[in-house]
2 protein chains.
Amino acid sequence: MASSSSLTISQALVGRTRTHNGSTTTHSDHLALPGFSLSTLAGRGIKLSSPSLCPAGSRKRVNSRSAVRAAAVETLDKTETSLVEKSINTIRFLAIDAVEKANSGHPGLPMGCAPMGHILYDEVMKYNPKNPYWFNRDRFVLSAGHGCMLQYALLHLAGYDSVKEEDLKTFRQWGSKTPGHPENFETPGVEVTTGPLGQGIANAVGLALAEKNLAARFNKPDCEIVDHYTYVILGDGCQMEGIANEACSLAGHWGLGKLIAFYDDNHISIDGDTEIAFTESVDTRFEGLGWHVIWVKNGNTGYDDIRAAIEEAKAVKDKPTLIKVTTTIGYGSPNKANSYSVHGSALGAKEVDATRKNLGWPYEPFHVPEDVKKHWSRHVPEGAALEAEWNAKFAEYEKKYKEESAELKTLISGELPTGWDKALPTYTPESAADATRNLSQQCLNALAKVLPGLLGGSADLASSNMTLLKMFGDFQKDTPEERNVRFGVREHGMGAICNGIALHSPGLIPYCATFFVFTDYMRAAIRISALCEAGVIYVMTHDSIGLGEDGPTHQPIEHLASFRAMPNILMLRPADGNETAGAYKVAVLNRKRPSILALSRQKLPQLPGTSIEGVEKGGYIISDNSSGNKPDVILIGTGSELEIAAKAADELRKEGKAVRVVSFVSWELFDEQSDAYKESVLPAAVSARVSIEAGSTFGWEKIVGSKGKAIGIDRFGASAPAGRIYKEFGITAEAVIAAAKAVC
Amino acid sequence: MASSSSLTISQALVGRTRTHNGSTTTHSDHLALPGFSLSTLAGRGIKLSSPSLCPAGSRKRVNSRSAVRAAAVETLDKTETSLVEKSINTIRFLAIDAVEKANSGHPGLPMGCAPMGHILYDEVMKYNPKNPYWFNRDRFVLSAGHGCMLQYALLHLAGYDSVKEEDLKTFRQWGSKTPGHPENFETPGVEVTTGPLGQGIANAVGLALAEKNLAARFNKPDCEIVDHYTYVILGDGCQMEGIANEACSLAGHWGLGKLIAFYDDNHISIDGDTEIAFTESVDTRFEGLGWHVIWVKNGNTGYDDIRAAIEEAKAVKDKPTLIKVTTTIGYGSPNKANSYSVHGSALGAKEVDATRKNLGWPYEPFHVPEDVKKHWSRHVPEGAALEAEWNAKFAEYEKKYKEESAELKTLISGELPTGWDKALPTYTPESAADATRNLSQQCLNALAKVLPGLLGGSADLASSNMTLLKMFGDFQKDTPEERNVRFGVREHGMGAICNGIALHSPGLIPYCATFFVFTDYMRAAIRISALCEAGVIYVMTHDSIGLGEDGPTHQPIEHLASFRAMPNILMLRPADGNETAGAYKVAVLNRKRPSILALSRQKLPQLPGTSIEGVEKGGYIISDNSSGNKPDVILIGTGSELEIAAKAADELRKEGKAVRVVSFVSWELFDEQSDAYKESVLPAAVSARVSIEAGSTFGWEKIVGSKGKAIGIDRFGASAPAGRIYKEFGITAEAVIAAAKAVC
């Protein structure tokens, strides 16, 4: 790598000269303030007065737009090039200034990636700044989320209301719309929540999957109503994360041709040059993953190369494309560019000044030059026009395709079909005993008939997790209209892909599955589901020592507790058929809160007293022979141990005790009930309480109190038949009875 | 893929004919019972009477052994080939029979991988069955842990005491030595704990790293005292997991030439043909990762190809090798081979019979034919001889290299140097305020001087986690003797690599670091640390909202609770310098229990009353103005909030209250104290208790009781300067004071 001092010279040069089509412009050029040209407008391919909105063969529109784009590139003159430079520098300085004011943040990436950011938002992407949720927009994901000032600057220039100048000035401050990493729930225009590395690229795979699925289901030969790209910027950090490899392997397998990822290849990570830990050939790896790979060698000033790469990527329809763009982190900073020091700290006043000089930037902090402002101002009307055009197209689509359009509308709005929950199965105590994983499959298949947005699958355990939708085939490269997704053994990628699906359209309801213990592999993605309000349904089977012989590596112990402690997620552990149906009802209704269903491998009886309505309250009484809300003892169970609590109650009642049995299927839902309801289930006066759950007792003191007793497992499991482990670990009715007698 | 019926025919053929050097043997051949030949013995390269134990240029020994091996391959006659077949079928049927008896388990992999298993354990690997812990043994990791019957069968044949016939017959039963997945803590001879996919290959990278580091530190030009290979078998499932890509990228980067991985390429995963989810080119990906790649096209009967591949792999010194071995899952089963049905269930009596017929196996279940038994019986004396030879070599090494040999001995034994803990720094209230992450670095650097086994690093956050050992350089391909490991942004791989390092030798003490919130990325590896008794030290900084502006994606909330709920792990949250030193003391002493240190980004004062000894008790009083063990209120804090508790106490005392302040640095350690001690800190009679911790309150009821108050954070964090978030979230002395008054 070149030394920092030699770079200073090249950086200094860059601010003063640049080459376009062989010509060299001088410093003074890029202070000229031309208006935006019509050719640039045409470059975005806007056809406001399209004579036929749903013409036969409208697929070609992409091509014709591409052609126009290419023409625009060719006709760009010096003035336009200069304006592009100026816009790019505006992006750089908005990032520099915001980080400087916050004295916190990451200026390096925005400075290096400003060219690709500019080209994407100004020249390539379809979006409507005044409606960030317009369905058919191109999606953009900044997987290298620490560089969020890049995206905030772009949203600001493009005219999004979420990022006004004031928001840039309150970057990373309490209550601002511009948090330290991109957060979809804070900033309209941000599609997903990134920052934890590798999540964004996997989210993008989910967004592209959703597009491919919906396009296959709803597009017609004479009308392409779903048609957008998904763009990503990811850096070296994302590339090192295993989740990225998982998701990208799937993207290649699925042939997600409309996924275009920019790999910001800047050779710098926090610890220094990537040479110290990252010397693999990313290109070769991605070729192995089935991607089309393009290398833009000069990402700092090779604008046409970036443009050409995007064109090439669009032309490759059957593979996702990785555009490796070699950039200089902190481009423009004379003393800090190309070093880790520019990655995650403010430049400092002195270096900001030096960078201003170096790039020829005479403006005050946060200033957007008038010509740049004017240039970008077209995106508001253009975006409105794009959406209007699409709306008109949809109106025509609606006339021709009533059923499809009605269905698509619900996917766009997120409105659940009336009476959908009536499809859920119910059970009586006479119904056959069954594993809740099987009962879950009954629910999934019942819901698939009424919920057009339900799709998902398992991490290579479909036949164990029982997650196949029988009425559908597999979502595959050549059958993208199907709804069973085969994730392979890629739990982490699976979770993050589902986050992307969920955030693509409010009506999409992704579910995904593995053994409950392997939530450990995907916990980072699950946490982001909770944070970013993605209503993913996690179908987690084999939820305890009840799985038996596979042993402690496969037996969850602390997992229920670990998710009960996580904010904004529902941890549900149903005990039988009605409770499984109830868990699905809750999970489907909670579109902004993910749900985890912990399900048994082993058969469980259908218990008297369980109900969907009970589950909705989180905790409820399934049987009681006490009166006056004064039982002698309250037995509390969840999932497969509710049966044990019920059995113990039967025995205790034979001995004359007044026993209440409470199913505690979701702590979070119970917490949300009124005090009166809670008192009706767990009266404060009754301290004789025994809980039983085949998992850690951690946290149960809250429910059973200091005078109660929590029966559980505070060690790792064991390899043996399930019945034997239950007995050896004391998860038995006898133990409950003994504890009940001890606390009464 | 060929259909199952066509395969049945080829399978059937295989049992009857096989080709070696162009000749065809008939069915009757492989029932012949020859003794083992001396050429086979020589094939393992045993030189019992080596004239010089530490000869100059002894590195060449590997090569000379290789040459002998190759010669042995060439001289193998039909009888020997037949015996190899018979041994391989013995392995297959031990697996088939054990799974059948347990009616649970995974016969498919052992049936397909028996040839490579046989060649490794019978012809290639150096080990001593009667001392599974012999330091210089070759390490073997079954990353596809579900196929554990392969390893149990091999350990049984090789003469390990841990797997007797009785153990095979109690496969997957309560208390057996043969659990459902390989567990090092149950079965001597098993190096690591696998089953959760991808962990094993990453463990193996750690084992190979340890060998490379120790070899570089201790080998001398005239004496190669550390010299072994690490072999792995991994399957499609492991290959799909992101952790495998992370670890293999590092293995390529580090040039771990003595790591040889067999990729069992059988085209079948649980959900069916790998075509449904795994169509990437693994070969190309591994070439991109910097591995040497070999393809053995016929892993079922191409024994010589497997042998030749191992030779080739050994000849490549600067790269790890992936040997892709194409096999048939469930090889030999006429109706189930090459299908997912043979992956994870017993074959069933009928198919077992059919397989016996197909492979010409007339024996009773669990029978090891006498000639096979006799053939394998040499491994006990040979293994003893190998160890004796090495011991003699070590004795000579000891004479020449006193210091090095003494150090190496402690690494082998795990004995800590006398007085090592005196190196830990201590602090007084007058010492400068500092972040515990910085204080952690002081401890690490102090310990590095006295603990030769301490090595580790960060996932690209060394300068944030403060984990660099200043007296050492980077462990890299060409500087493997150094002890700073650069993991790149690969948290999951990092954790599993550290498990491998820890399990290589008892005296190795690996530490690894990232932001605390990113334990979510590596939780599966951390859990296996806890399960497999690997005393890894997890240095987790930026442990709360105190990290400030990076926002909720980076701010841990539920993480403390989630690890407190996990068995066999120490969750430590020190408050200042003395407590950080105490946390390190505890972490170093706990060699069979991993520790997580949650450390602050922000500066914290050195508090009066904190101590190393206090930390060792988990919870202890740092200040108290009460008498008779009857404070008016007990304030309990951890980490950065202990300061807040202390401040609140000062205020309350001014108002005349008798206030005790308790540091609750580790719940697990406190739990292990005597009842008397616990009562002396948290007297049962005092229910007025307030806890404060900048994390989830989940679990705190156990400590503060139903009449106490837990101050914490039960929502996601926010992006803002730390002080502002603390205030907005009510993590303040004022809140503690108000709560204390409310509960008194």
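Conventions used here
Residues numbered from 1 in each chain as written. Chains lettered and ligands numbered in written order. Predicted model: local features only at pLDDT ≥ 70, side-chain atom pairs only at ≥ 80, totals over all residues. Heavy atoms only, no water. Helix = DSSP H or I, 4+ residues; strand = E, 2+ residues; numbered from the N terminus. Areas by Shrake-Rupley, 256 points an atom, 1.4 Å probe, with all protein chains shown as cover. Phe/Tyr/Trp six-rings, centres within 6.5 Å; stacked < 30°, edge-to-face > 60°. Buried < 20%, exposed > 50% of the residue type's maximum accessible area, 1.4 Å probe, protein only. Lys NZ or Arg CZ within 6 Å of the ring centre and 35° of its normal. Pairing = 2+ DSSP bridges. Contact = heavy atoms within 4.5 Å. Axes fitted to C-alpha atoms, helices over the stretch in contact; angles between N-to-C directions. Buried area = accessible area lost by both parts, 1.4 Å probe. Salt bridge = Lys/Arg side-chain N within 4 Å of Asp/Glu carboxyl O. Polar contact = N/O pair within 3.5 Å; in protein donor to acceptor, adjacent residues only side chain to side chain. Nonpolar A, V, L, I, M, F, W, Y, C, P; charged D, E, K, R; others polar. UniProt positions renumbered as here; feature names shortened; annotations may be inferred. pLDDT = per-residue confidence, 0-100.

> I'm lost on the overall build of chain A in this one. Help?
The helix and strand tally for chain A stands at 29 helices and 23 strands. Total accessible area on chain A stands at roughly 22500 Å², and carbon and sulfur atoms take up 53% of it.

> Looking at this model, I keep getting lost on the packing of aromatic side chains. Mind explaining?
Any aromatic ring pair is given by two values, namely how distant the centres are and how the planes are angled relative to each other. Enumeration over the complete set of coordinates arrives at 49 aromatic pairs over all chains. Pairing Phe518 of chain A with Tyr521 of chain A gives two aromatic rings, centres 5.6 Å apart and planes at 85°, and the pair type is edge-to-face. Looking at Tyr521 of chain A, the relative accessible area reads 3%, which means it is buried. Joined through ring pairs, the aromatic side chains of Phe664, Trp667, Phe670, Tyr677, Phe698 and Trp700 of chain A together with Phe664, Trp667, Phe670, Tyr677, Phe698 and Trp700 of chain B make up one cluster. One Lys or Arg, Lys220 of chain B, reaches over the ring of Tyr401 of chain B and ends 4.9 Å from the middle of that ring.

> I'm lost on the pairing of strand β5 (residues 259–265) of chain A in this one. Help?
If a strand is regular, its side chains alternate between the two faces of the sheet. Residue and element names in this part refer to chain A. Within β5, seven of the seven residues are buried, which leaves the element mostly enclosed by the surrounding structure. Residue alternation in β5 divides its side chains into two sets, Leu259, Ala261, Tyr263 and Asp265 and Ile260, Phe262 and Asp264, and both sets are buried. Pairing of strand β4 (residues 230–235) with β5, which is carried by six bridges, proceeds in the parallel orientation. Counted as the bridge partner of Ile233 is Phe262 from β5. Where β5 and strand β9 (residues 321–326) come together, six bridges link them in parallel fashion. When the sheet's bridge partners are listed, Asp264 is paired in β9 with Val325.

> What is the right way to look at the sheet that holds strand β12 (residues 474–475) of chain B in this model?
Strands pair in a sheet through their backbones, by hydrogen bonds, and they do so in one of two ways: parallel or antiparallel. All names here are of chain B. One open sheet accounts for seven strands, arranged β12-β13-β11-β14-β15-β17-β16; its pairing is parallel. The two strands at the open ends of the sheet, each matched to only one other strand, are β12 and β16 (570–572). Bridging between strand β11 (residues 454–458) and strand β14 (residues 509–515) involves five bridges; their strand directions are parallel. Counted as the bridge partner of Gly456 is Tyr511 from β14. Where helix α20 (residues 519–532) meets the sheet, it contacts β14, β15 (537–541) and β17 (595–598), and its direction lies at approximately 160° from that of β15.

> Looking at this structure, I do not really get the sheet that holds strand β4 (residues 230–235) of chain B. What am I missing?
All names here are of chain B. If you trace the five strands from one edge of the open sheet to the other, you get β3-β4-β5-β9-β8, paired in parallel fashion. Edge positions in the sheet fall to β3 (139–142) and β8 (292–296), since each has one partner strand and no second. Each strand axis lies, on average, 20° off the axis of its neighbour in the sheet, ignoring direction.

> Would you explain the interface of chain A and chain B in this entry?
At the interface, 94 residues of chain A touch 94 residues of chain B. Roughly 7900 Å² of surface becomes buried between chain A and chain B when both sides are summed, with 59% attributable to carbon and sulfur atoms. Counting the surface chain A buries against chain B, the share from its top three residues, Trp174, Arg527 and Phe698 of chain A, is 11%. Between chain A and chain B we count eight salt bridges in total. Linking chain A to chain B there are 46 residue pairs in polar contact (both at pLDDT 80 or more). Counting residues per element, the side of chain A that touches chain B draws most heavily on helix α20 (residues 519–532) of chain A, which supplies seven residues. Split by residue class, the side of chain A that touches chain B holds 36 nonpolar, 32 polar and 26 charged.

> Would you explain the UniProt feature "binding site: substrate" (unreviewed entry) in chain A in this entry?
The sites that UniProt annotates as "binding site: substrate" (unreviewed entry) are His106, His343, Arg437, Ser464, His542, Asp550, His554 and Arg601 of chain A. Spanning 496 residues, the named residues are also spread out in space, since their farthest C-alpha pair is 47.7 Å apart. Tracing the backbone shows His106 of chain A in the loop between α4 (78–102) and α5 (108–124). Sequence-distant contacts of His106 of chain A, defined by excluding residues within four places in its chain, comprise Val99, His146, Gly147, Arg172, His343 and Gly344 of chain A together with Asp550 of chain B. As for its placement among the helices and strands, His554 of chain A is situated in the loop between β15 (537–541) and α21 (559–564). Overall, His554 of chain A belongs to the buried group, its relative accessible area being 6%. Excluding residues that lie within four positions of it along the chain, His554 of chain A makes contacts with Phe515, Val517, Phe518, His542 and Leu547 of chain A together with His181, Gly195 and Pro196 of chain B.

> Help me understand unusual backbone geometry, please; the structure alone is not making it clear to me.
A negative phi angle characterises most non-glycine residues, just as the trans form characterises most peptide bonds. All names here are of chain A. Its identity as a non-glycine residue notwithstanding, His267 has a phi of 65°, on the positive side. Relative to the assigned elements, His267 resides in the loop between β5 and β6 (268–269). With a phi angle near 55°, His542 is a residue other than glycine that sits in the positive phi range. Considering the arrangement of structural elements, one finds His542 in the loop between β15 and α21.

> Explain the confidence of the model for chain A to me, please; I cannot follow it from the model alone.
Caution applies to low-pLDDT regions: their predicted coordinates should not be interpreted in detail. Residue and element names in this part refer to chain A. Averaged over every residue, the pLDDT of chain A is 91; the share at 70 or more is 90%. Note that residues 1–53 has pLDDT below 50 and, in this model, 106 contacts with residues that lie over four places away or in other chains. Confidence drops under pLDDT 50 across residues 55–76; counting only partners more than four residues distant or on other chains, this segment forms 35 contacts. Both scores are given for the predicted complex: the pTM is 0.92, the ipTM 0.92.

> What am I meant to see in the pairing of strand β11 (residues 454–458) of chain A here?
Residues and elements named next belong to chain A. Most of β11 is tucked away: five of the five residues are buried. Neither face of β11 is exposed, since Leu454, Gly456 and Ser458 on one face and Leu455 and Gly457 on the opposite face are all buried. Judged from the three bridges that link them, β11 and strand β13 (residues 484–486) form a sheet pairing that is parallel. Counterpart to Gly457 in the pairing with β13 is Val485.

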